[in-house]
Amino acid sequence: GKIAVPWFLKKNGPGNRGATLDEEAVESGSSSLIGKAHFVVHIPCSVRAAALKRKNGIALKSFLDYGHGLFYNRDEASWGTILRLANKNGYVVMAMDWRGMSSYDLLIIVKALMSKPSLFVAVRDNLIQGYANKIALLYFSQNGLLEMDWMHFSAGLGFSKKVIPTFNGKDPTSIFYGISQ
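About the criteria used
- Residues numbered from 1 in each chain as written.
- Predicted model: local features only at pLDDT ≥ 70, side-chain atom pairs only at ≥ 80, totals over all residues.
- Heavy atoms only, no water.
- Core = buried A, V, L, I, M, F, W, Y, C linked by side-chain atoms within 4.5 Å.
- Buried < 20%, exposed > 50% of the residue type's maximum accessible area, 1.4 Å probe, protein only.
- Helix = DSSP H or I, 4+ residues; strand = E, 2+ residues; numbered from the N terminus.
- Contact = heavy atoms within 4.5 Å.
- Pairing = 2+ DSSP bridges.
- Axes fitted to C-alpha atoms, helices over the stretch in contact; angles between N-to-C directions.
- Phe/Tyr/Trp six-rings, centres within 6.5 Å; stacked < 30°, edge-to-face > 60°.
- Lys NZ or Arg CZ within 6 Å of the ring centre and 35° of its normal.
- Expected span 1.5 Å × (residues − 1).
- Polar contact = N/O pair within 3.5 Å; in protein donor to acceptor, adjacent residues only side chain to side chain.

## Regarding the nonpolar core
- In terms of nonpolar packing, the biggest core is built from 28 residues, with Ile3, Phe63 and Met151 touching the most fellow members.
- Contributing elements (two or more residues each) for this core: strand 1 (2-7), strand 2 (33-42), helix 2 (45-51), strand 4 (91-96) and helix 5 (120-142).
- Of the residues forming this core, the biggest block, 4 residues, is contributed by helix 5.
- When near neighbours in sequence (up to four residues on either side) are disregarded, Ile3 contacts Gly35, Lys36, Ala37, Phe39, Met96, Asn133, Ala136, Leu137 and Phe140.
- Counting 8 residues, the second largest nonpolar core, distinct from the first, contains Tyr66, Ala86, Val93 and Ala95.

## Notes on the sheet that holds strand 1
- With mixed pairing, the 5 strands of this open sheet are ordered in space as 1-2-4-3-7. Only two strands of the sheet have a single neighbouring strand rather than two, namely strand 1 and strand 7 (173-178). Strand after strand, the sheet turns through a mean of 35° between neighbouring axes, direction not considered.
- Of the pairings in the sheet, the one linking strand 1 to strand 2 comprises 6 bridges and is antiparallel in character. For Lys2, the partnering residue across the bridge sits in strand 2 and is His38.
- Each of strand 2, strand 3 (62-67), strand 4 and strand 7 touches helix 3 (residues 80-89); the most contacted strand, strand 4, lies at about 145° to it.
- Sitting on the sheet, helix 5 is in contact with strand 1, strand 2, strand 3, strand 4 and strand 7, with an inclination near 130° to strand 1.

## Remarks on the packing of aromatic side chains
- Tallying each qualifying case throughout the model produces 4 aromatic pairs.
- Ring geometry for Phe39 against Phe140: centres 5.9 Å apart, planes inclined by 70°, an arrangement best described as edge-to-face. One end of the pair, Phe39, is in strand 2; the other, Phe140, is in helix 5, and 101 residues separate them in sequence.
- On the basis of relative accessible area, Phe39 is assigned to the buried category, the value being 5%.
- Judged by relative accessible area, Phe140 falls into the buried class, the value being 15%.
- A centroid spacing of 6.2 Å and a plane angle of 85° characterise the contact between Tyr72 and Trp79, whose relative ring orientation is edge-to-face.
- Over the face of the ring belonging to Phe167 we find Lys61, whose NZ or CZ atom lies 5.5 Å from the ring centre.

## Focus: helix 5
- Between its terminal C-alpha atoms helix 5 stretches 34 Å, which fits the 33 Å expected from 23 residues at 1.5 Å a residue.
- Phi turns positive one or two residues past the end of helix 5, at Gly144, with a value near 130°.

## Concerning the side chain of Lys134
- The residue Lys134 is located in helix 5 in this model.
- From its side chain, Lys134 meets the backbone oxygen of Tyr66 in a polar contact 3.4 Å long.
- Once you skip the residues sitting within four places of it in the chain, Lys134 turns out to touch Asp65, Tyr66, Met96 and Trp98.

Pasting the structure below:
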């Protein structure tokens, strides 16, 4: 999916990894632009089973915010180890590309190392934008993610959709699981 995020870079565009901070937006604490950040959510079978009131269902305990390894991307959250952990513990996994440290940033870093050291400013600034994106995703996880249509399940045609139950009926917490950063 995609979520709207406050945009603190001067150049708005999905692939513009050479962009630098809009210092006025940073100093004022409010951005004048809204960007889009891609994310992925994995709902384990055990949590789906709980929504459908099936045997072996596990109520949602936490949103697991997965942090990919250096120069990887959100696809890492699809690895079996993470999904097994989520299924066993009642976690819904969410992940996004960490701007400044993902596979999409590798070319700008190589260019900075090989021929244009001034580009390291853009790497730093994209890391800062990455923090803004992560904060937006964490906010969304606590304010609207559970209401999304794709978070509700039906046992088949003609059956009403079931909402994911939460552990002890309370809002799920957010936890972080990261690899290399």
